[in-house]
Number of protein chains: 4
Amino acid sequence: MGMPFELNTMIVTKGKEIRLDDDRFSLKKEGYRLYPVDIPIEVRKTINSKSSGVAIIETLVLEKSHTSITYKYITINSTN
Amino acid sequence: MGMPFELNTMIVTKGKEIRLDDDRFSLKKEGYRLYPVDIPIEVRKTINSKSSGVAIIETLVLEKSHTSITYKYITINSTN
Amino acid sequence: MGMPFELNTMIVTKGKEIRLDDDRFSLKKEGYRLYPVDIPIEVRKTINSKSSGVAIIETLVLEKSHTSITYKYITINSTN
Amino acid sequence: MGMPFELNTMIVTKGKEIRLDDDRFSLKKEGYRLYPVDIPIEVRKTINSKSSGVAIIETLVLEKSHTSITYKYITINSTN
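Now for a description of the structure that goes with this document. (Residues numbered from 1 in each chain as written. Chains lettered and ligands numbered in written order. Predicted model: local features only at pLDDT ≥ 70, side-chain atom pairs only at ≥ 80, totals over all residues. Heavy atoms only, no water.)

### Quick look at the relation of the copies chain D and chain B
For clarity, the threshold we go by: Here the copies were fitted onto each other by least squares, based on C-alpha atoms from residues at pLDDT of at least 70 in both. Note on definitions: a residue-residue contact is assigned when non-hydrogen atoms from the two residues lie within 4.5 Å.
Note on the copies: chain D fits chain B at an RMSD of 0.0 Å, the axial shift is 0.0 Å, and the rotation between them is 180°. Seen this way, the second copy is the image of the first under a two-fold rotation axis. Closest approach to the rotation axis within chain D is made by the C-alpha atom of F5 of chain D, at a distance of 2.7 Å. Mapped onto chain B, 100% of the interface residues of chain D again fall at the interface, so both copies present the same surface.

### Concerning the sheet that holds strand 1 (residues 2–8) of chain B
In plain terms, the rule: In short, DSSP must find at least two bridges between two strands for them to pair. Each helix is a run of H or I in the DSSP string that is no shorter than four residues. Each strand is a run of E no shorter than two, and both are numbered from the N terminus.
With mixed pairing, the four strands of this open sheet are ordered in space as 5(B)-1(B)-1(D)-5(D). Here the strands that pair on one side only, and so sit at the sheet edges, are strand 5 (33–34) of chain B together with strand 5 (33–34) of chain D. As paired elements, strand 1 (residues 2–8) of chain D and strand 5 of chain D share two bridges and run parallel to each other. Note on strand 5 of chain D: the bridge partner recorded for L7 of chain D is L34 of chain D.

### What to know about the interface of chain D and chain B
Defined as follows: Put simply, buried area is how much 1.4 Å-probe accessible surface two parts lose in total, over both of them, once they are put together. Salt bridges are identified by distance alone: a Lys or Arg side-chain nitrogen within 4 Å of an Asp or Glu carboxyl oxygen.
Taken together, the contact pairs 13 residues of chain D with 13 residues of chain B. Surface buried jointly by chain D and chain B totals about 1100 Å² across both partners, of which 62% is contributed by carbon and sulfur atoms. Ranking the residues of chain D by area buried against chain B places M1, F5 and L7 of chain D at the top, with a combined share of 56%. For the pair chain D and chain B, the number of links is zero salt bridges.

### Focus: the interface of chain B and chain A
Rules: Identification of polar contacts relies on pairs of N or O atoms within 3.5 Å, with a donor-acceptor requirement for protein atoms, meaning one able to donate a hydrogen and the other able to accept it, and with residues adjacent in sequence counted only if both atoms are side-chain atoms. Only Asp, Glu, Lys and Arg are considered charged in this grouping, and only Ala, Val, Leu, Ile, Met, Phe, Trp, Tyr, Cys and Pro are considered nonpolar; every other residue, Gly among them, is considered polar.
Contact with chain B, which involves 20 residues of that partner, is made by 20 residues of chain A. In total, about 1500 Å² of surface goes out of reach between chain B and chain A, with carbon and sulfur atoms giving 67% of it. Here chain B is connected to chain A by six residue pairs in polar contact (both at pLDDT 80 or more). Every element with two or more residues in the side of chain B that touches chain A is listed here: strand 1 and strand 7 (51–63) of chain B. Looking at which element gives the most residues to the side of chain B that touches chain A, the answer is strand 7 of chain B, with six residues. For the side of chain B that touches chain A, the per-class residue count stands at 13 nonpolar, three polar and four charged. Strand direction decides the pairing type here: strand 7 (residues 51–63) of chain A and strand 7 of chain B, joined by five bridges, are antiparallel. Across the sheet, residue L62 of chain A finds its bridge partner in strand 7 of chain B, namely L60 of chain B.

### Remarks on the sheet that holds strand 1 (residues 2–8) of chain C
Strand order in the open sheet formed by four strands is 5(A)-1(A)-1(C)-5(C), and the pairing between neighbours is mixed. One side of each edge strand has no neighbouring strand; the edge strands of this open sheet are strand 5 (33–34) of chain A together with strand 5 (33–34) of chain C.

Here you go:
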(Lines give C-alpha, C1' and ligand atoms only; values in the text may rest on other atoms or scores of the structure.)
Protein backbone atom coordinates (compact mmCIF):
# COMPACT_ATOMS: atom_id res chain seq x y z
CA MET A 1 0.00 0.00 0.00
CA GLY A 2 1.48 3.26 -1.03
CA MET A 3 0.78 6.96 -1.11
CA PRO A 4 2.17 8.69 -4.19
CA PHE A 5 3.63 12.08 -3.62
CA GLU A 6 6.26 14.47 -4.81
CA LEU A 7 9.25 15.81 -2.95
CA ASN A 8 9.55 19.52 -3.75
CA THR A 9 12.63 21.64 -3.17
CA MET A 10 11.31 24.88 -4.63
CA ILE A 11 7.97 26.74 -4.69
CA VAL A 12 6.77 27.13 -8.27
CA THR A 13 3.78 29.44 -8.18
CA LYS A 14 2.65 29.53 -11.83
CA GLY A 15 1.12 32.86 -10.79
CA LYS A 16 -1.56 31.11 -8.75
CA GLU A 17 -0.47 32.37 -5.34
CA ILE A 18 -2.93 34.39 -3.26
CA ARG A 19 -1.63 37.30 -1.18
CA LEU A 20 -2.65 37.03 2.46
CA ASP A 21 -0.82 40.09 3.68
CA ASP A 22 2.31 42.13 2.82
CA ASP A 23 4.76 39.29 2.40
CA ARG A 24 2.67 36.19 3.08
CA PHE A 25 1.00 34.09 0.40
CA SER A 26 -0.97 30.89 0.05
CA LEU A 27 -0.75 28.46 -2.83
CA LYS A 28 -2.71 25.31 -3.66
CA LYS A 29 -1.21 22.60 -5.88
CA GLU A 30 -2.57 19.34 -7.24
CA GLY A 31 -1.48 16.08 -5.69
CA TYR A 32 0.30 15.34 -2.44
CA ARG A 33 3.61 17.13 -2.10
CA LEU A 34 6.24 17.29 0.57
CA TYR A 35 7.89 20.68 0.98
CA PRO A 36 10.37 21.56 3.70
CA VAL A 37 8.64 23.59 6.41
CA ASP A 38 10.41 26.31 8.45
CA ILE A 39 13.56 26.43 6.33
CA PRO A 40 14.39 28.80 3.44
CA ILE A 41 13.13 27.69 0.04
CA GLU A 42 13.40 29.40 -3.32
CA VAL A 43 10.30 30.78 -5.04
CA ARG A 44 9.92 30.97 -8.82
CA LYS A 45 7.01 31.75 -11.11
CA THR A 46 7.87 28.88 -13.44
CA ILE A 47 10.48 26.21 -13.15
CA ASN A 48 12.73 28.09 -15.58
CA SER A 49 12.08 31.61 -14.28
CA LYS A 50 14.60 33.62 -12.34
CA SER A 51 14.18 33.38 -8.60
CA SER A 52 11.40 35.59 -7.18
CA GLY A 53 12.98 35.37 -3.76
CA VAL A 54 13.35 33.12 -0.78
CA ALA A 55 10.51 32.19 1.53
CA ILE A 56 9.73 30.15 4.61
CA ILE A 57 6.79 27.76 4.43
CA GLU A 58 4.73 28.16 7.60
CA THR A 59 1.92 25.70 6.94
CA LEU A 60 1.61 22.58 4.80
CA VAL A 61 -1.80 20.93 4.36
CA LEU A 62 -2.48 17.67 2.53
CA GLU A 63 -6.17 17.05 1.84
CA LYS A 64 -8.38 15.69 -0.94
CA SER A 65 -5.49 15.06 -3.32
CA HIS A 66 -4.25 18.63 -3.03
CA THR A 67 -1.45 20.36 -1.17
CA SER A 68 -1.83 23.85 0.25
CA ILE A 69 1.00 25.91 1.66
CA THR A 70 1.32 29.34 3.20
CA TYR A 71 4.71 30.98 2.90
CA LYS A 72 6.34 34.23 3.90
CA TYR A 73 9.09 35.91 1.91
CA ILE A 74 12.34 36.54 3.73
CA THR A 75 13.97 38.09 0.66
CA ILE A 76 12.24 39.34 -2.48
CA ASN A 77 14.10 39.88 -5.74
CA SER A 78 13.20 43.19 -7.28
CA THR A 79 12.03 42.85 -10.87
CA ASN A 80 12.81 46.43 -11.90
CA MET B 1 19.55 22.85 5.40
CA GLY B 2 17.26 20.24 6.77
CA MET B 3 13.82 19.76 8.22
CA PRO B 4 13.66 17.07 10.87
CA PHE B 5 10.61 14.89 10.82
CA GLU B 6 9.35 11.46 11.57
CA LEU B 7 7.92 8.90 9.19
CA ASN B 8 4.92 7.31 10.89
CA THR B 9 3.27 4.06 9.83
CA MET B 10 0.69 3.87 12.58
CA ILE B 11 -1.54 6.33 14.48
CA VAL B 12 -0.71 6.22 18.19
CA THR B 13 -3.35 8.29 19.96
CA LYS B 14 -2.22 8.18 23.61
CA GLY B 15 -5.89 8.92 24.30
CA LYS B 16 -5.54 12.48 23.02
CA GLU B 17 -7.82 12.14 20.00
CA ILE B 18 -10.87 14.41 19.75
CA ARG B 19 -14.07 12.99 18.31
CA LEU B 20 -15.40 15.10 15.44
CA ASP B 21 -18.37 12.89 14.61
CA ASP B 22 -19.36 9.22 14.74
CA ASP B 23 -16.22 7.69 13.32
CA ARG B 24 -14.01 10.71 12.58
CA PHE B 25 -11.34 12.03 14.94
CA SER B 26 -8.63 14.67 15.06
CA LEU B 27 -5.27 14.29 16.75
CA LYS B 28 -2.44 16.75 17.28
CA LYS B 29 1.14 15.52 17.83
CA GLU B 30 4.39 17.31 18.55
CA GLY B 31 6.94 17.75 15.80
CA TYR B 32 6.65 17.32 12.06
CA ARG B 33 5.45 13.91 11.01
CA LEU B 34 4.70 12.27 7.73
CA TYR B 35 1.75 9.89 7.74
CA PRO B 36 0.31 8.20 4.68
CA VAL B 37 -2.87 9.99 3.60
CA ASP B 38 -5.83 8.20 1.94
CA ILE B 39 -4.59 4.66 2.62
CA PRO B 40 -5.48 2.34 5.52
CA ILE B 41 -3.37 2.79 8.64
CA GLU B 42 -3.59 1.03 11.98
CA VAL B 43 -4.69 2.92 15.10
CA ARG B 44 -3.45 2.08 18.60
CA LYS B 45 -3.79 3.80 21.94
CA THR B 46 -0.14 3.16 22.80
CA ILE B 47 2.61 1.65 20.74
CA ASN B 48 2.21 -1.66 22.56
CA SER B 49 -1.60 -1.71 22.72
CA LYS B 50 -3.75 -4.00 20.67
CA SER B 51 -5.04 -2.43 17.49
CA SER B 52 -8.05 -0.13 17.98
CA GLY B 53 -8.91 -0.48 14.32
CA VAL B 54 -7.94 0.73 10.91
CA ALA B 55 -8.47 4.29 9.71
CA ILE B 56 -7.94 6.53 6.71
CA ILE B 57 -6.19 9.84 7.29
CA GLU B 58 -8.12 12.55 5.45
CA THR B 59 -6.09 15.63 6.37
CA LEU B 60 -2.49 16.18 7.42
CA VAL B 61 -1.40 19.62 8.62
CA LEU B 62 2.16 20.65 9.50
CA GLU B 63 2.36 23.97 11.34
CA LYS B 64 4.32 25.55 14.22
CA SER B 65 6.27 22.39 14.98
CA HIS B 66 3.14 20.31 15.32
CA THR B 67 1.32 17.81 13.13
CA SER B 68 -2.48 17.55 13.10
CA ILE B 69 -4.41 14.81 11.40
CA THR B 70 -8.05 13.97 10.95
CA TYR B 71 -8.87 10.32 10.41
CA LYS B 72 -11.94 8.19 9.86
CA TYR B 73 -12.23 4.60 11.03
CA ILE B 74 -12.97 2.01 8.39
CA THR B 75 -12.91 -0.85 10.90
CA ILE B 76 -13.13 -0.57 14.68
CA ASN B 77 -12.04 -3.40 16.97
CA SER B 78 -14.60 -4.03 19.67
CA THR B 79 -13.09 -3.91 23.15
CA ASN B 80 -15.75 -6.11 24.78
CA MET C 1 11.20 20.80 -9.36
CA GLY C 2 9.94 17.63 -7.85
CA MET C 3 10.86 14.04 -7.31
CA PRO C 4 7.90 11.67 -7.50
CA PHE C 5 7.89 8.88 -5.02
CA GLU C 6 5.66 6.63 -3.03
CA LEU C 7 5.36 6.36 0.72
CA ASN C 8 5.12 2.67 1.59
CA THR C 9 3.92 1.29 4.90
CA MET C 10 4.12 -2.39 4.04
CA ILE C 11 6.46 -4.65 2.05
CA VAL C 12 4.56 -6.28 -0.83
CA THR C 13 6.88 -8.84 -2.35
CA LYS C 14 4.84 -10.21 -5.28
CA GLY C 15 7.08 -13.22 -4.84
CA LYS C 16 10.09 -11.37 -6.22
CA GLU C 17 12.17 -11.36 -3.04
CA ILE C 18 15.60 -13.01 -3.09
CA ARG C 19 16.77 -14.91 -0.03
CA LEU C 20 20.15 -13.71 1.22
CA ASP C 21 20.35 -15.98 4.26
CA ASP C 22 18.00 -17.69 6.72
CA ASP C 23 15.70 -14.80 7.49
CA ARG C 24 17.10 -11.97 5.37
CA PHE C 25 15.83 -11.04 1.92
CA SER C 26 16.35 -8.43 -0.76
CA LEU C 27 13.67 -6.96 -2.98
CA LYS C 28 13.82 -4.54 -5.87
CA LYS C 29 10.81 -2.44 -6.86
CA GLU C 30 10.18 0.04 -9.65
CA GLY C 31 10.17 3.75 -8.90
CA TYR C 32 11.40 5.67 -5.90
CA ARG C 33 9.81 4.57 -2.66
CA LEU C 34 10.18 5.60 0.92
CA TYR C 35 9.93 2.77 3.42
CA PRO C 36 10.54 3.11 7.15
CA VAL C 37 13.99 1.77 8.03
CA ASP C 38 14.79 0.09 11.37
CA ILE C 39 11.20 -0.23 12.54
CA PRO C 40 8.83 -3.20 12.23
CA ILE C 41 6.89 -3.36 8.98
CA GLU C 42 4.42 -5.96 7.75
CA VAL C 43 5.30 -8.22 4.83
CA ARG C 44 2.71 -9.60 2.39
CA LYS C 45 2.94 -11.45 -0.90
CA THR C 46 0.22 -9.33 -2.46
CA ILE C 47 -1.62 -6.36 -1.11
CA ASN C 48 -4.61 -8.54 -0.26
CA SER C 49 -2.69 -11.55 1.07
CA LYS C 50 -2.55 -12.52 4.70
CA SER C 51 0.52 -11.20 6.49
CA SER C 52 3.69 -13.25 5.87
CA GLY C 53 5.23 -11.78 8.99
CA VAL C 54 6.91 -8.71 10.32
CA ALA C 55 10.34 -7.54 9.21
CA ILE C 56 12.88 -4.80 9.79
CA ILE C 57 14.26 -3.02 6.74
CA GLU C 58 18.02 -2.75 7.12
CA THR C 59 18.96 -1.03 3.87
CA LEU C 60 17.08 1.21 1.46
CA VAL C 61 18.68 2.14 -1.86
CA LEU C 62 17.26 4.57 -4.43
CA GLU C 63 19.00 4.42 -7.79
CA LYS C 64 18.10 4.56 -11.49
CA SER C 65 14.36 4.85 -10.87
CA HIS C 66 14.33 1.73 -8.70
CA THR C 67 14.20 1.07 -4.99
CA SER C 68 16.01 -1.85 -3.40
CA ILE C 69 15.57 -2.96 0.18
CA THR C 70 17.04 -5.68 2.35
CA TYR C 71 14.90 -6.84 5.23
CA LYS C 72 15.10 -9.35 8.03
CA TYR C 73 12.08 -11.13 9.47
CA ILE C 74 11.48 -10.72 13.18
CA THR C 75 8.35 -12.87 13.10
CA ILE C 76 7.26 -15.24 10.35
CA ASN C 77 3.69 -16.46 10.03
CA SER C 78 3.60 -20.18 9.45
CA THR C 79 1.54 -21.11 6.44
CA ASN C 80 0.79 -24.69 7.50
CA MET D 1 6.19 3.75 15.53
CA GLY D 2 8.28 6.27 13.75
CA MET D 3 11.48 6.67 11.84
CA PRO D 4 13.20 9.99 12.45
CA PHE D 5 14.78 11.57 9.46
CA GLU D 6 15.66 14.86 7.91
CA LEU D 7 14.40 16.34 4.66
CA ASN D 8 17.36 17.91 2.89
CA THR D 9 17.15 20.41 0.06
CA MET D 10 20.86 21.05 -0.37
CA ILE D 11 24.07 18.99 -0.20
CA VAL D 12 26.33 20.33 2.55
CA THR D 13 29.64 18.53 2.21
CA LYS D 14 31.67 19.90 5.13
CA GLY D 15 34.62 18.89 2.97
CA LYS D 16 33.96 15.20 3.57
CA GLU D 17 33.08 14.27 0.00
CA ILE D 18 35.16 11.62 -1.78
CA ARG D 19 35.91 12.06 -5.47
CA LEU D 20 34.90 9.02 -7.51
CA ASP D 21 35.82 10.41 -10.90
CA ASP D 22 36.02 13.78 -12.67
CA ASP D 23 32.71 15.24 -11.58
CA ARG D 24 31.20 12.50 -9.42
CA PHE D 25 31.48 12.35 -5.64
CA SER D 26 30.24 10.30 -2.73
CA LEU D 27 29.31 11.64 0.68
CA LYS D 28 28.26 9.90 3.88
CA LYS D 29 26.23 11.72 6.54
CA GLU D 30 24.95 10.73 9.95
CA GLY D 31 21.31 9.86 10.41
CA TYR D 32 18.62 9.09 7.91
CA ARG D 33 18.08 11.83 5.36
CA LEU D 34 15.83 12.25 2.40
CA TYR D 35 17.38 14.06 -0.54
CA PRO D 36 15.74 14.54 -3.91
CA VAL D 37 17.21 12.08 -6.41
CA ASP D 38 17.57 12.84 -10.15
CA ILE D 39 16.80 16.55 -9.88
CA PRO D 40 19.23 19.49 -9.58
CA ILE D 41 20.30 20.31 -6.04
CA GLU D 42 22.72 22.95 -4.79
CA VAL D 43 26.05 21.95 -3.25
CA ARG D 44 27.80 23.96 -0.54
CA LYS D 45 30.79 23.30 1.68
CA THR D 46 29.01 24.69 4.75
CA ILE D 47 25.48 25.87 5.16
CA ASN D 48 26.64 29.49 4.93
CA SER D 49 29.18 29.03 2.13
CA LYS D 50 28.67 30.28 -1.38
CA SER D 51 27.31 27.66 -3.73
CA SER D 52 29.94 25.20 -5.05
CA GLY D 53 27.67 24.30 -7.93
CA VAL D 54 24.64 22.27 -8.81
CA ALA D 55 24.58 18.49 -8.83
CA ILE D 56 22.29 15.56 -9.50
CA ILE D 57 22.09 12.86 -6.84
CA GLU D 58 22.33 9.47 -8.54
CA THR D 59 22.18 7.14 -5.56
CA LEU D 60 20.76 7.45 -2.06
CA VAL D 61 21.47 4.72 0.51
CA LEU D 62 20.02 4.53 4.02
CA GLU D 63 21.77 1.99 6.25
CA LYS D 64 22.92 1.66 9.86
CA SER D 65 21.78 5.15 10.85
CA HIS D 66 23.75 6.75 8.03
CA THR D 67 22.89 8.19 4.64
CA SER D 68 25.24 7.87 1.67
CA ILE D 69 24.80 9.67 -1.60
CA THR D 70 26.65 9.81 -4.88
CA TYR D 71 26.24 12.96 -6.90
CA LYS D 72 27.47 14.36 -10.18
CA TYR D 73 28.04 18.05 -10.80
CA ILE D 74 26.12 19.58 -13.68
CA THR D 75 27.57 23.04 -13.03
CA ILE D 76 30.60 23.90 -10.93
CA ASN D 77 31.24 27.40 -9.63
CA SER D 78 34.81 28.45 -10.21
CA THR D 79 36.50 29.63 -7.04
CA ASN D 80 39.03 31.87 -8.79
